[in-house]
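Listed below are the residues making up each chain.
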Amino acid sequence: MLMDLVSPLFPSAFIFIVCLGSISRSFTGVASGATRAALTQHFSLQNNAADISAKEGSQETLATMTGMLQSSGWKTECLLASSIAWKANWTFGPSDDKNK
């Protein structure tokens, strides 16, 4: 991800940096999958690795969705708060004590 963000800073090496970032992301995904499989196998006491993997996947989905909803709610709240403050400032004038 960092390479994707840095790539526009180096226009002459843009394609190389983006490709390197993609390859790095692929290696990370493979390592993550292998580690997850090994840990799942370790924690399966009664040969129920598939059940543990399914539960882990649903928990991961729930955590991701909760985080996305919270962040979008906070973003909306911040945008609305600044919009309301701007409208109040525009309608009623600045609220600082310098004008009094």
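Look up: the structure comes first, before these words.
Residues numbered from 1 in each chain as written. Predicted model: local features only at pLDDT ≥ 70, side-chain atom pairs only at ≥ 80, totals over all residues. Heavy atoms only, no water.

Draft legend 1. The overall build of the protein chain, seen in detail. Of the regular secondary structure elements, the protein chain holds 3 helices and 0 strands. For the protein chain, the sequential pattern of α-helices and β-strands runs α-α-α. Burial analysis of the protein chain (100 residues in total) assigns 5% to the buried set. Carbon and sulfur atoms form 69% of the exposed surface of the protein chain, whose accessible area is close to 8700 Å². (Helix = DSSP H or I, 4+ residues; strand = E, 2+ residues; numbered from the N terminus. Buried < 20%, exposed > 50% of the residue type's maximum accessible area, 1.4 Å probe, protein only. Areas by Shrake-Rupley, 256 points an atom, 1.4 Å probe, with all protein chains shown as cover.)

Draft legend 2. Focus on unusual backbone geometry. One non-glycine residue with positive phi stands out, namely asparagine 47, at about 55 degrees. Positionally, asparagine 47 belongs in the loop between helix H2 (14-43) and helix H3 (49-92).

Draft legend 3. Seen up close, the pattern of salt bridges. Enumeration over the complete set of coordinates arrives at 4 salt bridges. A salt bridge links arginine 25 to aspartate 4, with the shortest nitrogen-to-oxygen separation between them at 3.1 Å. Of this pair, arginine 25 sits in helix H2 while aspartate 4 sits in helix H1 (residues 2-6), placing them 21 residues apart in sequence. On the basis of relative accessibility, which here comes to 42%, the residue arginine 25 falls in the partly exposed class. The closest approach of N and O atoms between glutamate 56 and arginine 36, which form a salt bridge, is 3.9 Å. Taken together, the residues glutamate 56 in helix H3 and arginine 36 in helix H2 connect sequence positions 20 residues apart. Assessed through its relative accessible area of 27%, glutamate 56 is described here as partly exposed. Members of the salt-bridge network, linked through shared partners, are Arg36, Glu56 and Glu60. (Salt bridge = Lys/Arg side-chain N within 4 Å of Asp/Glu carboxyl O.)

Draft legend 4. Inspection of a nonpolar patch on the surface at higher detail. On the surface, a nonpolar cluster with roughly 280 Å² of combined accessible area is contributed by Met3, Phe16 and Leu20. Here leucine 20 lies in helix H2. (Patch = residues over 30% accessible without salt bridge, like charges linked within 9 Å, V, L, I, M, F, W, Y side chains within 5 Å.)

Draft legend 5. Broad picture of the side chain of threonine 40. Along the polypeptide, threonine 40 turns up in helix H2. The class of threonine 40 is buried, set by a relative accessible area of 12%. Beyond its immediate sequence surroundings of up to four residues, threonine 40 is in contact with Ala49, Ile52 and Ser53. (Contact = heavy atoms within 4.5 Å.)

Draft legend 6. Representation of H2 within the structure. Here H2 spans 43 Å end to end across 30 residues, near enough to the 44 Å set by a 1.5 Å rise per residue. Among all positions of H2, only Ile17, Gly21 and Thr40 are buried. (Expected span 1.5 Å × (residues − 1).)

Draft legend 7. Representation of the side chain of serine 44 within the structure. Mapped onto the elements of the fold, serine 44 is located in the loop between H2 and H3. A distance of 2.9 Å separates the side chain of serine 44 from the backbone oxygen of glutamine 41, its partner in a polar contact. The contacts of serine 44, once residues within four sequence positions are left out, are Ala49 and Ile52. (Polar contact = N/O pair within 3.5 Å; in protein donor to acceptor, adjacent residues only side chain to side chain.)

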